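Structure at a glance
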Amino acid sequence: MPLFAADDALEDLGIIEAQAESVVSASRSPRPASRIAENITVITADDIERLNAHTLAEVLQTVPGIQLDFLRTPGTFSFFNVQGALNTTVLVLVDGIRQNDFDQNMAIVGLIPVQQIERIEIIKGAASAAWGPALGGVINIITKSPDAERKFSGMVSGSTGSQFTADSRAEVSGTLDRFGYYLTVANLRSDGLTPNTGTNQNNLFTKLSYQLPHNGSLTFGLSYLTASPGLDEGETVSWGFVHDNNQYRRTNAYLKLNQPLTDRLTLELDSFLTNRDDHTKFGGLDGSGNLTFFNDYVVRDTNQGINARLRWGDYQKSLLLGLDYSHAWAINRDALSSDPPVYDRSWDRWGIYANGAYTVGQLTILPGIRYDITGTSGDVTSLTLGATYQLAEHTLLRAYAAQGYTLPTPRADNKLQKIKTIQAGIESEALPFLWLKGTFFFNALRDSQSIGTVTTTNQQRQGVELEARTTPLYGLSLTGGYTYLDAWDSDTGQRLHTDYNQAVPPHTAKLALNYDNRELGVRGTLTGNYVWWNRDDSTAARDTGMIWDLHLNWRLKSFYKLTPELFFSAHNLFNGVQTTDTELYTNAKRWFEGGLRVKF
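Residues numbered from 1 in each chain as written. Predicted model: local features only at pLDDT ≥ 70, side-chain atom pairs only at ≥ 80, totals over all residues. Heavy atoms only, no water.

Looking at the environment of Asp 348
The line we're drawing: Only DSSP runs of H or I reaching four residues or more are called helices, and only runs of E reaching two or more are called strands; each is numbered from the N terminus. Contacts were defined at the residue level, with two residues in contact if any of their heavy atoms lie within 4.5 Å. Polar contacts here mean pairs of N or O atoms no more than 3.5 Å apart (in protein, one a potential hydrogen donor and the other a potential acceptor; neighbouring residues in sequence count only if both atoms are side-chain atoms).
Following the sequence through the fold, Asp 348 ends up in strand β21 (residues 343-360). Along the sequence, Asp 348 and Asp 581 sit 233 residues apart, while their C-alpha atoms lie 38 Å from each other. If we ignore the near neighbours within four places in the chain, the residues touching Asp 348 are Tyr 325, Ser 326, His 327, Ile 373, Thr 374 and Gly 375. Within the structure, the side chain of Asp 348 is placed 2.5 Å from the side chain of Tyr 325, a separation counted as a polar contact. Separated by 3.0 Å, the side chains of Asp 348 and His 327 make a polar contact.

Now the structure itself:
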């Protein structure tokens, strides 16, 4: 679980209507939380609000097993890993739409605003049998739905902080008869907390729904985002003085149909369209000492397709059949050069999959299979088999084995990256006032591709992940998570180190002290993050102990149907350093921000 979350499970990702018993959608099929074999973390909108977070990046940094390479100005770029799996192998979805680009298979989590997020499901480990190219896991984001209880409701929020870091947001939501609406607009800007990381990000998101006869529904979603963040600036050993910038424009749209056919049979159809236009400008000093840009890499891609699902069953036994199709086009060229594009290509992808669950007494068996025609790298079959066993009333055993893959990028003509995953775990509330969870994981990777200067290796990664949470006492509770990772090259037997191409930290830890006083309307969270990179001697990575952040919220007395709340955050209280590159990507030092949100 995240450091600050309640013990709430998921509702299904649009696959079924909400039920009295919570279910999760790890396999795109509804299951009670007690029948989930994968290692999953769930984050809710309340958890995000408690952190006063701006983007997905800040939220992920609090999750056990996930480590960002650096945290700088909100809205800027960062790599991350999930139990040592590079972010290029982790599939990021928003309402089922892929957020990873095709150029590097990378999703920039600093470009995903949190205001419209209702829930985040994080699946750690191979998930290709359900989702396709998801070797390292899935970050599955479900956005807010229209307020079904009111005709009109909303929120306005504004904050400001160090280096004029400001976040302005507004949202409205409601339901009129069969029609529901949700709309949010936001602007995030900063002069930059580290050199050349000033940013200006604008976001628009809307979701419209219409209830059809016989409990069916139509849902339309549209998001539009522009951002102009700096990338980096500094004096480097390899390239001298550098000054690089980014520009992004993203558009996503979808239309979803959910129609029950019988009491136990439901049809779902999704269509989607995405458009991406990114610029990365690499610059430095010319012969006269003037700042200039040498390259302007324009990366554009479009992706459109349709997904169909037919699901049958109930919480005890179920079967899901699905078909995915997409047509993609991508180009990478240097706008400041007359050279031909690095690539300019299009392809079609097909995927067919089935997964299910069968429960006998306290045992649930969870099989799955998927066959993909990748359009670029041949065909691939992914299998999974999981099981859960209710050992006692408050103790659950989990086991999971899966195959996974990730596609090579269009710029490389490499093989599919493949993985075999084994997980085993236990979750228990048998001890008074304490929730515990432990997971062992083993991953065997073939043709694993690094970032930066792409190298291909065979690797093995194994470790344990431990989580704990106490029951609140006088409003105080403690949570924590620890991940140990042992990674080595399968061919040479040498242990892997964090370098410029990959981060494989052996030790990471998350801590939090939470306080809630409902009578006073006060809540607070002190979070801590620890990482030991085990860096290569040639790498400018650095870690200096825990980084602590403090988040405070004070809900004032309501008046005229308005509910105001003051909030304040102090980041990196003791100026800790955690980064894989001190030359260009040193994390932000201590900074502050505060603001006001009003709900109505």
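What follows picks up the thread again.
Topic: unusual backbone geometry
Selection rule: Think of it in three bands: residues with accessible area under 20% of the maximum for their type are buried, residues over 50% are exposed, and the middle band is partly exposed, with areas taken using a 1.4 Å probe on protein chains only.
Phi at Asn 572 is positive, roughly 50 degrees, even though this residue is not glycine. The class for Asn 572 is buried, based on a relative accessible area of 4%. In this structure, Asn 575 takes a positive phi of about 55 degrees despite not being glycine. Residue classification places Asn 575 among the partly exposed positions, given a relative accessible area of 33%.

Here's the deal with the confidence of the model for the chain
Convention followed: Each residue carries a pLDDT score, the predictor's own confidence in it, on a scale running from 0 to 100.
Averaged over the chain, the pLDDT score is 92; the fraction of residues at 70 or greater is 94%. Predicted confidence for residues 4-21 stays below pLDDT 50, and this span has 65 contacts to residues more than four positions away or in other chains.

Structural notes on the pattern of salt bridges
For clarity, the threshold we go by: Basic side-chain nitrogens of Lys or Arg form a salt bridge, by our definition, when they fall within 4 Å of a carboxyl oxygen of Asp or Glu.
What the rule picks out here adds up to 26 salt bridges. A salt bridge links Glu 465 to Lys 124, with the shortest nitrogen-to-oxygen separation between them at 2.8 Å. Placement of Glu 465 in strand β27 (residues 456-470) and of Lys 124 in strand β9 (residues 117-124) is noted, with a sequence separation of 341 residues between them. The exposure class assigned to Glu 465 is buried, which follows from its relative accessible area of 0%. Residue classification places Lys 124 among the buried residues on the basis of a relative accessible area of 1%. Arg 169 is paired through a salt bridge with Asp 167; the nearest N and O atoms lie 3.0 Å apart. By sharing partners, the salt bridges in this structure join Glu 49, Arg 523, Arg 555, Glu 565, Arg 597 and Lys 599 into a single network.

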